[in-house]
Amino acid sequence: MRNLKLIFTVVCAAFFTVDTNAQMAMDGPGYPIGSEWDCTADVPFTDQGGAGNYTANYNDTITFCPTLACGNPGDGLNGTKMTVAFAINAGFTWDVDGSDSVYVYDGPDANSPLLGVHNSATDPNGVTHTASWNNPSGCLTLVFITDGANEGTGWDANVSCGFVNQPFDPHIEAYINGVGPNALDPADTGYVDVCFGDSILFIAKPDFPNSCETTAAGYSQTIDNVNYDWYISDGGTYANNDSIWFTPPTRNGFLVDLSIEDLFPQIERMLCKVRVSQQPLFTGTGPLEDTVCLGQNTQLVGGVTPTDTVGIDIPGGTFQLGGSFAGLTYLPDGSGAQYQAPIDISGFPAGATIANSQDLNQVCITMEHSYVGDLEIALECPNGTQVTLLNSFDGGIGFIPGGTSGGGTYMGDPIDDVGGGGPGEGWEYCFSSVFNTWGDYPTELGAGNTIPAPINGGGGASMNPNGVYLPEDDFVNFAGCPINGQWTIIVQDNLGTDDGYIFEWGLFFDPSFFPGSGSYQNTVASEDWASDPTIVSGQNDTLLVVQPDTPGNYDYVYQIVDDFGCAYDTTVTLYVLPQPSIFGDTLACNLLMDAVGTQSYEGGVWAAVDTAIHFTDTSLENPSIWTSLAGTYTVTYTDNACNTTVSSDITFPPFSWTAVDDTIVCQGTEYVAFANENYTVDNFVWSTGDTGPSIVVTEPGSYTVTGSNICHSYSATAFIDFKVCDIEAPNIISLSSANGNNFWFVQQDGLSEFKCTITNRWGNLIYEFTDPTGSWDGKTMSGATVEEGTYFYIIDARIEGGDLLQKHGFIQVVH
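The numbering scheme is per chain: residues are counted from 1 as the chain's sequence reads. Selection of residues for local features in this predicted model requires a pLDDT of at least 70, selection of side-chain atom pairs for listing and counting requires 80 or more, and totals for whole chains, interfaces and linings are taken over all residues. Values shown for side chains rest on all heavy atoms present in the structure; no hydrogens or waters enter the calculation.

## Some remarks on the overall build of the protein
Strands are runs of DSSP state E lasting at least two residues, helices are runs of H or I lasting at least four, and both sets are numbered from the N terminus onward. Counting secondary structure elements, the protein contains two helices and 62 strands. The burial tally for the protein puts 50% of its 815 residues in the buried class. Long-range pairs, those at least 24 residues apart, make up 70% of the contacts in the protein with a sequence separation of at least 6. Remark: exposure states derive from per-residue accessible area (1.4 Å probe, protein chains only) relative to the maximum for the residue type, with buried under 20%, exposed over 50%, and partly exposed in between. Here a residue-residue contact requires only that any non-hydrogen atoms of the pair lie within 4.5 Å.

## Examining the sheet that holds strand β43 (residues 604-608)
Paired through their backbone hydrogen bonds, the strands of a sheet run either parallel or antiparallel. As summarised here, the arrangement of the four strands in space is β41-β47-β46-β43, forming an open sheet in which the pairing is mixed. Here the strands that pair on one side only, and so sit at the sheet edges, are β41 (586-587) and β43. Strands qualify as paired when DSSP identifies two bridges or more between them. Sheet topology note: the strand β46 (residues 631-639)/strand β47 (residues 645-652) ladder contains eight bridges and is antiparallel. Following the sheet pairing, Tyr633 is matched in β47 by Ile650.

## Things to note about empty space enclosed by the protein
Throughout, the protein atoms alone are placed on a 1 Å grid, and a set of points is a cavity if a 1.4 Å probe fits but cannot get out or a pocket if it is open with protein on both sides within 12 Å along at least five of seven lines; lining residues have an atom within 4 Å of a point. Grid points are joined across faces, edges and corners, and a volume is the space filled by probe spheres set on the points. Tallying each qualifying case throughout the model produces one cavity of 30 Å³ or more. If you add up the space inside the largest cavity, you get close to 40 Å³. Lining the largest cavity are Thr409, Tyr441, Glu444, Leu445, Gly448, Asn449, Thr450, Met463 and Tyr469. Ranked by the residues each element gives to the lining of the largest cavity, the list is headed by helix α2 (residues 441-446), at three residues. Gly counts as polar in this scheme, as do all residues outside two lists: the nonpolar Ala, Val, Leu, Ile, Met, Phe, Trp, Tyr, Cys and Pro, and the charged Asp, Glu, Lys and Arg. Here the residues of the lining of the largest cavity are counted per class, giving four nonpolar, four polar and one charged.

## Here's the deal with the pairing of strand β8 (residues 126-130)
Burial analysis of β8 places five of its five residues in the buried class, which makes it a mostly covered element. Covered by surrounding structure in β8 are Gly126, Thr128 and Thr130 together with Val127 and His129, the residues of both alternating faces. Sheet topology note: the strand β4 (residues 81-87)/β8 ladder contains five bridges and is antiparallel. Looking across to β8, one finds that Ala87 is bridged to Gly126.

## Comments concerning a nonpolar patch on the surface
Like-charged residues within 9 Å of one another, or nonpolar side chains (Val, Leu, Ile, Met, Phe, Trp, Tyr) within 5 Å, are grouped into patches, provided each residue has over 30% relative accessible area and no salt bridge. Under the convention used here, a 1.4 Å probe and the Shrake-Rupley method define accessible areas, while residue burial counts only the protein chains that appear. Every case where a carboxyl oxygen of Asp or Glu lies within 4 Å of a side-chain nitrogen of Lys or Arg is listed as a salt bridge. Where nonpolar side chains cluster on the molecular surface, the patch consists of Val672, Phe674 and Val696 and spans about 270 Å² of accessible area. Its place among the elements puts Val672 in strand β49 (residues 671-674). Accessibility expressed as a relative area gives 30% for Val672, which makes it partly exposed.

## Structural notes on the pattern of salt bridges
Applying the stated criterion to the full structure yields five salt bridges. Residue Glu173 is joined to Lys205 by a salt bridge in which the shortest nitrogen-to-oxygen separation is 3.1 Å. Highlighted residues: Glu173 in strand β11 (residues 172-176) and Lys205 in the loop between β13 (200-204) and α1 (212-215), separated in sequence by 32 residues. Taking the shortest distance from any N to any O, the salt bridge between Asp193 and Arg275 comes out at 2.8 Å. Taken together, the residues span a long stretch of sequence, with Asp193 in strand β12 (residues 191-194) and Arg275 in strand β17 (residues 267-276) at a distance of 82 residues.

## Some details on unusual backbone geometry
Of note, the amide linkage connecting Asp185 to Pro186 takes the cis form, showing an omega dihedral of -5°. Among the secondary structure elements, Pro186 is positioned in the loop between β11 and β12. Following Phe264, the chain continues into Pro265 via a peptide bond in cis, with omega recorded as 10°. Tracing the backbone through its elements, the reader meets Pro265 in the loop between β16 (253-261) and β17. The phi dihedral of Asn590 falls on the positive side, at around 60°, and the residue is not glycine. Tracing the backbone shows Asn590 in the loop between β41 and β42 (592-594). In this model, Asn643 sits at a positive phi of 60°, which is unusual for a non-glycine residue. When you line up the elements, Asn643 lands in the loop between β46 and β47. Owing to a relative accessible area of 60%, Asn643 belongs among the exposed residues under this scheme.

## Section: the nonpolar core
We define the nonpolar core as a collection of buried residues of types Ala, Val, Leu, Ile, Met, Phe, Trp, Tyr and Cys that are connected through side-chain atoms lying within 4.5 Å of one another. With 47 residues, the main nonpolar core has Ile172, Phe202, Trp230 and Val274 as its most contacted residues. With 35 residues, the next largest nonpolar core counts Ile345, Leu375, Tyr429 and Phe509 among its residues.

## Looking at the sheet that holds strand β15 (residues 243-246)
A sheet is described by the order of its strands in space; here three strands give the open sequence β11-β13-β15, paired in antiparallel fashion. In the strand order of this sheet, the two ends are held by β11 and β15, each with one partner. On average, each strand axis in the sheet is inclined to that of its neighbour by 20°, with strand direction left out of account. Inspection of the sheet shows β11 paired to β13 by five bridges, in the antiparallel sense. In the sheet register, Tyr175 faces β13, and the bridge partner there is Leu201. Axis lines are fitted through C-alpha atoms, for helices just across the contact stretch, and the angle between N-to-C directions can take any value from 0 to 180 degrees.

## Concerning the confidence of the model for the protein
The predictor rates its confidence in each residue with pLDDT, a number between 0 and 100. Residues with a pLDDT of 70 or more make up 90% of the protein, whose mean pLDDT is 86. Low confidence marks residues 1-21, where pLDDT is under 50. Its contacts with residues over four positions away, or in another chain, come to 129 contacts.

## Considerations on the state of the cysteines
Defined by distance alone, a disulfide is two cysteine sulfur atoms within 2.5 Å. Using the criterion set out here, one finds eight disulfides in the structure. Across the disulfide from Cys70 sits Cys212; the S-S distance is 1.9 Å. Note on the Cys70 and Cys212 pair: the S-S dihedral is about 115°, so by sign convention the disulfide is right-handed. Linking Cys70 in the loop between β3 (59-64) and β4 with Cys212 in helix α1, this pair joins segments that are 142 residues apart in sequence.

## Overview of the environment of Ser600
Structurally, Ser600 can be placed in the loop between β42 and β43. Through-space distance from the C-alpha of Ser600 to that of Pro580 is 4.5 Å; in sequence the pair is 20 residues apart. With residues up to four places along the chain from it excluded, the contact list for Ser600 reads Pro580, Glu621, Tyr637 and Asp639. Pairing of N or O atoms within 3.5 Å defines a polar contact, subject to two protein rules: one partner must be a possible hydrogen donor and the other a possible acceptor, and residues neighboring in sequence count only if both atoms are side-chain atoms. Only 3.0 Å separates the side chain of Ser600 from the backbone nitrogen of Gly603, close enough to count as a polar contact. Among the polar contacts made by the side chain of Ser600, one reaches the side chain of Tyr637 at a distance of 3.0 Å.

## Thoughts on the side chain of Asp123
Following the sequence through the fold, Asp123 ends up in the loop between β7 (114-118) and β8. Asp and Glu are treated as the negative residues and Lys and Arg as the positive ones, with His and the ends of the chain left uncounted. Buried and unpaired, Asp123 has no salt bridge, with Lys81 as the nearest side chain of opposite charge at 23 Å. At 2.8 Å, the side chain of Asp123 forms a polar contact with the side chain of Thr122. Ignoring any residue separated from it by four or fewer positions in sequence, one finds Asp123 in contact with Trp94, Val117 and His118.

## Quick word on the packing of aromatic side chains
The criterion for an aromatic pair is that two Phe, Tyr or Trp rings (for Trp, the six-membered ring) have centres within 6.5 Å, with stacked assigned to planes under 30 degrees apart, edge-to-face to planes over 60 apart and tilted to the rest. Tallied over the full model, the rule gives 34 aromatic pairs. Where Phe86 meets Trp94, the ring centres are 4.8 Å apart and the plane angle is 45°; that geometry is what we call tilted. For the residue pair Phe86 and Trp94, the accessibility class agrees, reading buried in each case. Centroid distance Tyr633 to Phe652: 6.1 Å. Interplanar angle 55°. Geometry classified as tilted. On the criterion of sequence distance, the pair formed by Tyr633 in strand β46 and Phe652 in strand β47 is long-range, its members being 19 residues apart. Accessibility assignment for this pair places Tyr633 and Phe652 in one class, buried. One aromatic cluster is present, formed by Tyr31, Trp37, Phe45, Tyr54, Tyr58, Phe64, Phe86, Trp94, Phe144 and Trp155 through successive ring pairs.

## Quick notes on the environment of Gln599
Within the element layout of this structure, Gln599 appears in the loop between β42 and β43. Given the relative accessible area of 53%, Gln599 is considered exposed. Sequence separation of Gln599 and Gln579 is 20 residues, and the distance between their C-alpha atoms is 8.7 Å. Among residues more than four places away in sequence, those in contact with Gln599 are Pro580, Ser581 and Glu621.

Quick look at the structure:
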């Protein structure tokens, strides 16, 4: 992963060649609009020409304009902006009395914006001006005015063409999963808030209001000819495209740093942040008791109102802030002025200060310059303390005492001209009091630690960028300086005919001492319990009342949506104790039953209302249950955990009993034998194979019946015989007999019905009786004794078999 650091760029100056044939004096025609200069070579520029002092009471104007309004650095063109350089070294002279002045205007005439008023009193080392980027003509107009007081020798200066960086506006947009509105809030530099697993489409959308395409001046700036360098603090590598996809690999914050470099090259940066939703902890969400009895209420904890987040803890999110970057700074030719590139540092703990050399790990500057020998570079912290990084000027007029001249050594690969010719290639130079690999600049200069500047510098020696230099002052001098605030790189160019650029620079603070960790905190936007039919109440309160209706594990879902729109939930599981189970209504034989299938969570107790029921142990889940009396009894089982009672009916059938009588019946009759019916017998089976409580017997013999219920059986046997059944009647009675024949009666056997009618000879009814064992005593129905004589009887009877039997005859009555 590349270090997120601030990079500094320095502008290179290329060697120039003076074309004496094109020399221009202040009183010459110049190159105004309509007679623009083709910029093929630098033009020596003098005051009025000739030896001696310039003229008193002089007032003249000259304009220099380039031929090209549009052109691109690096395409072989010399430039679109004019530069004039006044200096006191390298063959240049500068002697303008303090009462006289050179006025420099940014445009084609003296009505253009004034860039400066100069003389040897205001600028003893000279001055350089380049037409500004928003000057579409690229022209410079100079007005030289003298009085009669004192005159100087004038100047030997230089006019050249070059390029000036054009500001542009970097913009960045972000689309979550590639859809919807721009998610960056605030725009460009804000946050993209996403859920873990989301992808973000980042799109660079720079705006080029000052490009050649827009203003018809300067150089080209389009979305297709700039370079895009994406850096994201996940350490990934991203293509040089105007858009990239980023899927956060972890639940953290990430820095997204976009660097856009145009053709100049000028770098603009845009820094935004990605915040990934943090996984909430639901450690406080759940039941007040994890086990509940079926059908009973319990409470679940989980806040469901905007001000009530009981049960939820969302950890804070963190991400590394990394370094900050300062952009392009032009270092004009040496006037002794200081040029500054500031960075605002924030995000460290309030009141944090530097304590030692390591707290500021290193400073890195990407820059180029065409003459190190006149440079001084220092770093200034927010409280004004300055530490010297490099002092390569020993001329005595710099802002840093002392110094070791670096002579004509370059920094980077510069364009070595008198100034204004645009930037060369910047190299990164780093300085550290702790992690340095080399000594300070004077040490490395003495060791000849240089490498060739191969392209723009023509192979000249350049300060080696391939190590980390020791600064000339130790970073411990920053002790007590605040971390947060404005840090500034200060560069002073003390001599003329050279220039440079700081492209980028940056600070790296020690991560172990100042982690630079930013943080963010998700909040709950909405929360609720998922709908469930067993929720009794409390869906708008901290405590949810539930009554689960199914035994076993019962789940409730608590769900939230955070301020990033990310949904989370947790499942709260209750173990619902089942009701105790018992055998169903059952039947037990022999007045005894061994219980099976009874279950409960923590055991239970058996009971019965009827004291005739006994248990081997009322605390056993499956005891033996018995009684001495048959019947149906209700038994109960109450579990210990929930005090829930279940019951069942046990039927104990009685021992079976029946009987069948022995008998003799008339021959020819059908006899129905009956078994004794009672509550102990449900079914009858006869030895004949017949079933039911009775059978028809037509033959003599032994008949056995077995009476049974579901548990028991009992057999009884009857002996049945048949006899001859008839009526025998006497034909005489003697009413006065003492020998026992004074009554008339019949002898019979096996009669089921009987009727005897006695009449006289005239057919008159004398007597009638229906009892086959009855008799006639010779009297009428009214009790009068009949006369002697002959009487007649008629008997109508039915034998036991059902057949009719009729018999008649006479009776002789004697007194």
